[in-house]
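Descriptive analysis of the structure
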Amino acid sequence: MACAAFNAVASLNFLDKHRPSKSFSVNRGRVSRYSPASFIGAQSRSSVWVPGVRGDSRWFSGSRSFAGVFESFTRNSELSCSLDGGDNGVSEERVVVLVIGGGGREHALCYALQRSPSCDAVFCAPGNAGISSSGNATCISDLDILDSSAVISFCRKWGGGLVVIGPEAPLVAGLANDLVKAEIPTFGPSSEAAALEGSKDFMKKLCDKYEIPTAKYQTFTDPSAAKYYIQEQGAPIVVKADGLAAGKGVVVARTLDEACEAVDSMLVKGVFGSAGCRVIVEEFLEGEEASFFALVDGENAIPLESAQDHKRVGDGDTGPNTGGMGAYSPAPILTEELQSLVMQSIILPTVKGMSAEGCKFVGVLYAGLMIEKKSGLPKLIEYNVRFGDPECQVLMVRLESDLAQVLLAACRGQLSGVSLSWSPGSAMVVVMANQGYPGAYEKGTVIRNLEEAEVVAPSIKIFHAGTAFDSDGNFIAVGGRVLGVTANGRDIEEARERAYQAVGEIKWPEGFFRKDIGWRALSRQLTSKR
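Structural notes, computed from the coordinates. (Residues numbered from 1 in each chain as written. Predicted model: local features only at pLDDT ≥ 70, side-chain atom pairs only at ≥ 80, totals over all residues. Heavy atoms only, no water.)

Thoughts on the nonpolar core
Ranked by size, the top nonpolar core spans 53 residues in total, and within it Leu 98, Leu 196, Phe 292, Ile 347, Leu 380 and Tyr 383 carry the most contacts. Considering every element that reaches this core, the biggest residue donor is helix H12 (residues 336-356), with 7 residues. Discounting residues that sit within four places of it in the chain, Leu 380 has contacts with Met 203, Cys 207, Ile 212, Pro 213, Thr 214, Ala 215, Ile 346, Ala 367, Gly 368 and Leu 369. Counting 47 residues, the second-largest nonpolar core is a separate cluster that includes Val 99, Leu 304, Val 364 and Met 396. (Core = buried A, V, L, I, M, F, W, Y, C linked by side-chain atoms within 4.5 Å. Buried < 20%, exposed > 50% of the residue type's maximum accessible area, 1.4 Å probe, protein only. Helix = DSSP H or I, 4+ residues; strand = E, 2+ residues; numbered from the N terminus. Contact = heavy atoms within 4.5 Å.)

This is how it looks when you write it as structure tokens:
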């Protein structure tokens, strides 16, 4: 375990004499849940968390840059570390982390990284209002995350020792390629490996070649040929845009007319642009969906805990698909036997196949699975190449391992022998979304009572996905999915009760949420008690 010894008084005196204009938050070891809000590139108060002074912080402003103060701060504070191997198979070292993204997933990653004993500081670009106000990271609002040179320059200037890429767009654009070339440890796949998510046709062909179980399919660019195939196969049937469509490019068609309309919308009308210039038509699988996550270092993979989300917008799994309206962990449907089967038949063949194809995968593999009703066996529906949202939220509140060190091990090809620790019990997240989502919605409505909601019951954490501040300092909704109200509990019932209790405290008339998150797990639990 790492330990740090320093002169806190000397550090405070030094910082009082050298007052920078830019804000930052510095952590040493475990810190309290909240630290002062900080934004770089925005008008706000600057803050520094002074290690070793429990419950204390100092505000300051001035003209010196962070880089100089950080260097002097560590030198003048007489920082010393002993780096011993932990009991989870990874050695510890101090690290400053930059998280790329600004949604609920990234907020959850910042939350977990800030709690990592070896993490000195967490930055998030661009971040959002909730991340900054919670103190889980210092937000860099004006860093262009699609500009690799800007991200590299930032890391070199501010001492970034690990970059964690959250959303898919920078991955597909090749940000990880450029960071790795610059010798900056990066958790996230290359653009070539990100094709597992960026192209469903690529993923399906990999499944064919390496005998990974998935739904029967055909790929089309000609709408007439696609419709002919649909008529041959019958309904229900699934139509997917080949590329990235923000979670909205999948249509589960119950009728032939609905399937043909989906083909026309993608191939003729071009509603998804270039992402929909090719479509995959695949068989409808009946069963229960589940999410499976694994950390991958190019050759090895270790599973994360199981989770299950709710894609449909309405109660009872009705209405159109969304990015996800809630999730819970663990997912009872993924028994230990099924998890082992998923690793052996789906995850590991994918990792080995990608390596054999010359594009090793480093990052998190998020497998969307269908546990078939007729066979009880898992089939791969799709891959995402980043943590799911909102599944990431329930995983990060349960994770007890040092996330920074585990991700560094993945970057270095050293996951073999690494194990993860998880809190017992369950976690649930209920997503609060803007009225109208996943269609058009109003922006700028005020959200109140968030602080009260977070303390209405134990073990509640509200992750922000689509919030900003108005001119009066109020939280406002600027996205479709806006909040992820998350709670831990001894079991799924307690986690659910706490999450919905917190939702009930939030004052946001323009928002809505599903009222049945976790119903499958609860039904399974009731059945097992009989």
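Brief notes about the pattern of salt bridges
This model, assessed by the stated rule, comprises 23 salt bridges. The residue Glu 357 makes a salt bridge to Lys 209 at a minimum N-O spacing of 2.7 Å. Of the two residues, Glu 357 sits in the loop between H12 and strand S19 (362-372) while Lys 209 sits in helix H9 (residues 200-209), which places them 148 residues apart along the sequence. The class of Glu 357 is partly exposed, set by a relative accessible area of 37%. (Salt bridge = Lys/Arg side-chain N within 4 Å of Asp/Glu carboxyl O.)

Structural notes on the environment of Ser 375
Position of Ser 375 relative to the elements: it lies in the loop between S19 and strand S20 (378-384). Of the residues examined, Ser 375 reaches a relative accessible area of 38% and is grouped as partly exposed. Spatially, the C-alpha atom of Ser 375 lies 9.3 Å from that of Gly 287, the residues being 88 residues apart in sequence. A distance of 3.2 Å separates the side chain of Ser 375 from the backbone nitrogen of Leu 377, its partner in a polar contact. (Polar contact = N/O pair within 3.5 Å; in protein donor to acceptor, adjacent residues only side chain to side chain.)

Focus on the pairing of strand S5 (residues 119-126)
Counting buried positions over the 8 residues of S5 gives 7, a clear majority of the element. Direction of pairing for strand S4 (residues 95-101) relative to S5: parallel, over a ladder of 7 bridges. By the bridge assignment for S5, Val 95 is matched with Cys 119. Once you follow S4 into helix H3 (residues 104-114) and on to S5, the crossover reads as right-handed. Where S5 meets strand S6 (residues 138-140), 2 bridges bridge the pair, whose relative direction is parallel. If you follow Phe 123 over to S6, its bridge partner there is Thr 138. The handedness of the S5 to S6 crossover, carried by helix H4 (residues 129-134), is right-handed. (Pairing = 2+ DSSP bridges. Right-handed = clockwise from strand over helix to strand, strands pointing away.)

Some words on the layout of surface pockets
For the second largest pocket, the calculated volume is near 420 Å³. If you go around the second largest pocket, you meet 21 residues; those closest to its centre are Ser 133, Leu 450, Glu 451, Glu 454 and Phe 475. Counting only elements with at least two residues in the lining of the second largest pocket, the list comes to H4, strand S22 (446-447), helix H15 (450-454) and strand S23 (460-464). A per-element tally of the lining of the second largest pocket places H15 first, with 4 residues. Of the residues assigned to the lining of the second largest pocket, the class counts are 8 nonpolar, 8 polar and 5 charged. (1 Å grid on protein atoms, 1.4 Å probe; cavity = no way out; pocket = protein on both sides within 12 Å on 5 of 7 lines; lining within 4 Å. Points joined across faces, edges and corners; volume = space filled by probe spheres on them. Nonpolar A, V, L, I, M, F, W, Y, C, P; charged D, E, K, R; others polar.)

Quick notes on H3
For H3, the tally of buried residues reaches 11 of 11 residues, placing the bulk of the element in the interior. Looking at H3, one finds that the buried residues are Gly 104, Arg 105, Glu 106, His 107, Ala 108, Leu 109, Cys 110, Tyr 111, Ala 112, Leu 113 and Gln 114.

Description of the sheet that holds strand S14 (residues 301-303)
Read across the open sheet, the 4 strands follow the order S14-S13-S19-S20; overall the sheet is antiparallel. Both outer strands of the open sheet, S14 and S20, are each paired with one neighbouring strand and no more. Ignoring which end each strand starts from, the neighbouring axes of this sheet average 35 degrees apart. Each of strand S13 (287-297) and S19 touches helix H14 (residues 403-411); the most contacted strand, S13, lies at about 75 degrees to it. (Axes fitted to C-alpha atoms, helices over the stretch in contact; angles between N-to-C directions.)

A short note on unusual backbone geometry
Of note, the amide linkage connecting Ala 235 to Pro 236 takes the cis form, showing an omega dihedral of 0 degrees. Put simply, Tyr 437 and Pro 438 share a cis peptide bond, and its omega is 10 degrees. For Pro 438, the location among the structural elements is in the loop between strand S21 (426-434) and S22. The phi angle at Asn 449 is positive, at roughly 75 degrees, despite the residue not being glycine. Topologically, Asn 449 is positioned in the loop between S22 and H15. Positive phi outside glycine occurs at Ser 459, with the angle close to 60 degrees. Assignment of secondary structure puts Ser 459 in the loop between H15 and S23.

Some words on the packing of aromatic side chains
Across all of its chains, the model carries 9 aromatic pairs by this definition. Relative to Phe 463, the ring of Tyr 111 lies with its centre 5.6 Å away and its plane at 75 degrees, an arrangement referred to as edge-to-face. Of this pair, Tyr 111 sits in helix H3 while Phe 463 sits in strand S23; the two residues are 352 residues apart in sequence, bridging distant segments of the chain. Between Phe 154 and Trp 158, the aromatic rings sit 5.2 Å apart at their centres with planes inclined by 15 degrees, giving stacked as the arrangement. Of the two residues, Phe 154 and Trp 158 both sit in helix H5 (residues 148-158), 4 residues apart, roughly one turn of that helix. Residue Phe 154 is classed as buried on the basis of its relative accessible area of 9%. Residue Trp 158 is classed as buried on the basis of its relative accessible area of 6%. (Phe/Tyr/Trp six-rings, centres within 6.5 Å; stacked < 30°, edge-to-face > 60°.)

Here we look at helix H11 (residues 256-268)
Taking 1.5 Å of rise per residue, the 13 residues of H11 would be expected to cover 18 Å, and the 17 Å separating its terminal C-alpha atoms lies within 8% of that figure. Along H11, the residues classified as buried are Ala 259, Cys 260, Ala 262, Val 263, Ser 265, Met 266 and Leu 267. With its phi angle positive at about 65 degrees, Gly 270 sits one or two positions after the end of H11. (Expected span 1.5 Å × (residues − 1).)

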